[in-house]
Amino acid sequence: MTAIDRLKLTKQLLAALEQGDEPGVDKLLDELAAIRETQLFHEVGRLTRQLHDAMRNFTLDARISELAEHDIPDAKERLNYVISMTEQSANQTLTAVEDLLPVAQTLNQQSRKLAGNWERFLVRKMPYEEFKGMSHEITSYFNESRDSLEMMQKGLNDILMAQGFQDITGQIIRRVIALVEDLEASMVGLIRLSGTKSGATKTVPVPDLPGPVVPGVDDAAGDVAGSQDEVDDLLSSLGF
Amino acid sequence: MKILIVDDFSTMRRIIKNLLRDLGFTNTLEADDGKTALPILRKGGIDFLVTDWNMPGMSGLDLLKAVRADPDLGHLPVLMVTAEAKREQIIMAAQAGVNGYVIKPFTAATLKEKIDKIFERIDN
């Protein structure tokens, strides 16, 4: 409907009014109003779509910039923590093994030596003086082996405790995987948007349970217990 | 003394099992989340529960709540061994009736201390 069309209708309306043609006036007024309404609806529709697209772009952009600014560096910190935890655990295990192997070796040598002498004693090929020496050796062997075996027990416990890294790092890596999936979904959303019609993007919800505390990442807000002592203090303040 | 160890990571279950054996507790059972732990507990005979918090299926906190809500299990001592260290979470666990709370990574000495403390309180 052009301006000329509207001008024409307006002139007709004027003519109808001058002639006192009431039904004609009503009909022309309706026609003019209809034009107005159609244009208005078109405009509202266009604005709504624009707003919708802008909103969608905005959420997507916000999520992606959040990922880039916060989540990716955060994931890097977490993965670095995984490296340092596994390194620490490997070192703890290696240290225990390095400490224990010579102890086991010494015990082995001593018991072989004693077993040889004991054999000679059983077949009565050992002079009395040598037997006295051997009984001293046996006594000191018992003492030494007790200490050595205690050391080995402690070392084996150290190795046992060192394996705790698997649980902690497993939990951290799971979170990073969730982040990568989130990033992937956002990227796919962005590609869809720049292509044809846009599809819904889904964001991974923030986990209810934040999991292992990564130093320098999770403890910045001061709402976590950094050590068992802090846990104990908190619990005792609650009457534990 | 029969102890049930609940954790979704088998390595952690083995660590706790071995530590407990070192402390003289040789009779242990294992479950990988609250859902599998509850039937074992309800069968009876468990004297002590050591549980993680964050597990798929049923979390340790829900397990704790279920235990406290069960008339047969209500008084079972529960030690939580978890990486969850937020203050609000520790308070939540305390309010749900946990008997001890150890954060990962922990030492053998810490575990022993908390277990001793729990039994000390029960004996009194």
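What you are looking at is a predicted structure, and each value in this text was computed from that prediction instead of being measured. (Residues numbered from 1 in each chain as written. Chains lettered and ligands numbered in written order. Predicted model: local features only at pLDDT ≥ 70, side-chain atom pairs only at ≥ 80, totals over all residues. Heavy atoms only, no water.)

Visitor: Looking at this structure, I do not really get the overall build of chain B. What am I missing?
Guide: Along its length, chain B carries five helices and five strands. Each helix and strand of chain B, placed in order from N terminus to C terminus, yields the pattern β-α-β-α-β-α-β-α-β-α. Looking at chain B residue by residue over its 124 residues, the buried ones come to 55%. Of all intrachain contacts in chain B linking residues separated by at least 6 positions in sequence, the fraction that spans at least 24 positions is 62%. Looking at chain B as shown, the accessible area adds up to about 5,500 Å², and 48% of this sits on carbon and sulfur atoms. (Helix = DSSP H or I, 4+ residues; strand = E, 2+ residues; numbered from the N terminus. Buried < 20%, exposed > 50% of the residue type's maximum accessible area, 1.4 Å probe, protein only. Contact = heavy atoms within 4.5 Å. Areas by Shrake-Rupley, 256 points an atom, 1.4 Å probe, with all protein chains shown as cover.)

Visitor: Can you help me understand the overall build of chain A in this one?
Guide: Regarding its fold elements, chain A presents five helices and zero strands. Counting every position in chain A, which comprises 240 residues, the buried fraction comes to 26%. Counting contacts in chain A only where the partners sit at least 6 residues apart, residues at least 24 apart contribute 69% of the total. Approximately 16,500 Å² of chain A is accessible, and the part contributed by carbon and sulfur atoms is 60%.

Visitor: Explain the side chain of B:Thr51 to me, please; I cannot follow it from the model alone.
Guide: All names here are of chain B. Mapping Thr 51 onto the fold places it in strand β3 (residues 48–51). Residue Thr 51 is classed as buried on the basis of its relative accessible area, which comes to 1%. When sequence neighbours within four positions are dropped, the list of residues in contact with Thr 51 reads Val 6, Gly 60, Leu 63, Val 78, Leu 79, Met 80 and Val 81.

Visitor: Just to check I follow, could you spell out a nonpolar patch on the surface for this structure?
Guide: Residues and elements named next belong to chain A. Taken together, the side chains of Leu 79, Ile 173 and Ile 177 define a hydrophobic patch exposed on the protein surface, amounting to about 240 Å² of accessible area. Structurally, Leu 79 can be placed in helix α2 (residues 22–122). By relative accessible area, Leu 79 is classed as partly exposed at 37%. (Patch = residues over 30% accessible without salt bridge, like charges linked within 9 Å, V, L, I, M, F, W, Y side chains within 5 Å. Salt bridge = Lys/Arg side-chain N within 4 Å of Asp/Glu carboxyl O.)

Visitor: Teacher, can you tell me more about the packing of aromatic side chains here?
Guide: In this description, an aromatic ring pair is defined by two values, namely the gap between the centres and the angle between the planes. Residues and elements named next belong to chain B. Per the counting criterion, the structure on display carries five aromatic pairs over all chains. Between the aromatic rings of Phe 25 and Phe 119, the centroid separation amounts to 6.0 Å while the plane-to-plane angle is 40°, which identifies the pairing as tilted. Here Phe 25 is found in the loop between α1 (10–22) and β2 (28–31), whereas its partner Phe 119 is found in helix α5 (residues 108–123), with 94 residues between them in sequence. The exposure classification of Phe 25 matches that of Phe 119, with both residues buried. (Phe/Tyr/Trp six-rings, centres within 6.5 Å; stacked < 30°, edge-to-face > 60°.)

Visitor: Explain the pairing of strand β5 (residues 100–103) of chain B here, please?
Guide: Regular strands show a simple pattern: their side chains alternate between the two faces of the sheet. Residues and elements named next belong to chain B. Side chains Gly 100 and Val 102 of β5 all project onto a buried face; the interleaved residues Tyr 101 and Ile 103 project onto the opposite face, where all are buried too. Across four bridges, the pairing between strand β4 (residues 78–82) and β5 is parallel. Among the inter-strand pairings, Val 81 is bridged to a residue of β5, identified as Val 102. In this view, the connection linking β4 to its parallel neighbour β5 by way of helix α4 (residues 87–95) has right-handed handedness. (Pairing = 2+ DSSP bridges. Right-handed = clockwise from strand over helix to strand, strands pointing away.)

Visitor: I'm lost on the interface of chain A and chain B in this one. Help?
Guide: One frequently used descriptor of interface size is the decrease in accessible area upon assembly of the parts. The interface of chain A with chain B comprises 32 residues on the first partner and 33 residues on the second. Here chain A meets chain B over a buried area of about 2,800 Å², counting both sides, of which 63% is carbon and sulfur. Summed over the three residues of chain A that lose the most area to chain B, namely A:Met161, A:Leu209 and A:Phe240, the buried surface amounts to 21% of that side. Scanning the region where chain A abuts chain B turns up five salt bridges. Broken down by class, the residue content of the side of chain A that touches chain B amounts to 15 nonpolar, eleven polar and six charged. (Buried area = accessible area lost by both parts, 1.4 Å probe. Nonpolar A, V, L, I, M, F, W, Y, C, P; charged D, E, K, R; others polar.)

Visitor: Would you mind going over the nonpolar core with me for this structure?
Guide: Across soluble globular proteins, nonpolar side chains show a tendency to be buried alongside one another. In this structure, B:Leu4, B:Val6, B:Leu41, B:Leu49, B:Leu63, B:Val67 and B:Tyr101 are the most contacted members of the largest nonpolar core, which totals 33 residues. For this core, the element with the highest residue contribution is helix α3 (residues 60–69) of chain B, accounting for five residues. Sequence-distant contacts of B:Tyr101, that is, excluding residues within four places in its chain, are made with A:Gln228, A:Val231, A:Leu235, B:Trp53, B:Leu79, B:Met80, B:Thr82, B:Glu84, B:Gln89, B:Ile90 and B:Ala93. In terms of nonpolar packing, the next biggest core, distinct from the first, is built from 21 residues, B:Ile3, B:Ile15, B:Ile16 and B:Val102 among them. (Core = buried A, V, L, I, M, F, W, Y, C linked by side-chain atoms within 4.5 Å.)

Visitor: Mind showing me how you'd approach unusual backbone geometry here?
Guide: Excluding glycine, a negative phi dihedral is what most residues carry, and trans is how most peptide bonds are arranged. With omega at -5°, the peptide bond leading from B:Lys104 into B:Pro105 counts as cis. In this structure, A:Arg124 takes a positive phi of about 60° despite not being glycine. Following the sequence through the fold, A:Arg124 ends up in the loop between α2 and α3 (128–162). Judged by its relative accessible area of 76%, A:Arg124 falls in the exposed class.

Visitor: Could you clarify how one ought to interpret the pattern of salt bridges in this entry?
Guide: Working definition: two side chains of opposite charge can pair if their charged atoms are close together. For the structure shown, the criterion picks out 21 salt bridges over all chains. One salt bridge connects A:Arg120 with A:Glu130, and the closest N-O pair in it is separated by 2.3 Å. Taken together, the residues A:Arg120 in helix α2 and A:Glu130 in helix α3 connect sequence positions ten residues apart. Residue classification places A:Arg120 among the partly exposed positions, given a relative accessible area of 31%. Judged by its relative accessible area of 33%, A:Glu130 falls in the partly exposed class. For the salt bridge of A:Arg174 with B:Asp8, the shortest nitrogen-to-oxygen distance reads 3.5 Å. You can see A:Arg174 sitting in helix α4 (residues 165–194) and its partner B:Asp8 sitting in the loop between β1 (3–6) and α1, one on each of two chains. When salt bridges with common partners are traced through the structure, they connect A:Asp167, B:Asp7, B:Asp52 and B:Lys104 into a single cluster.

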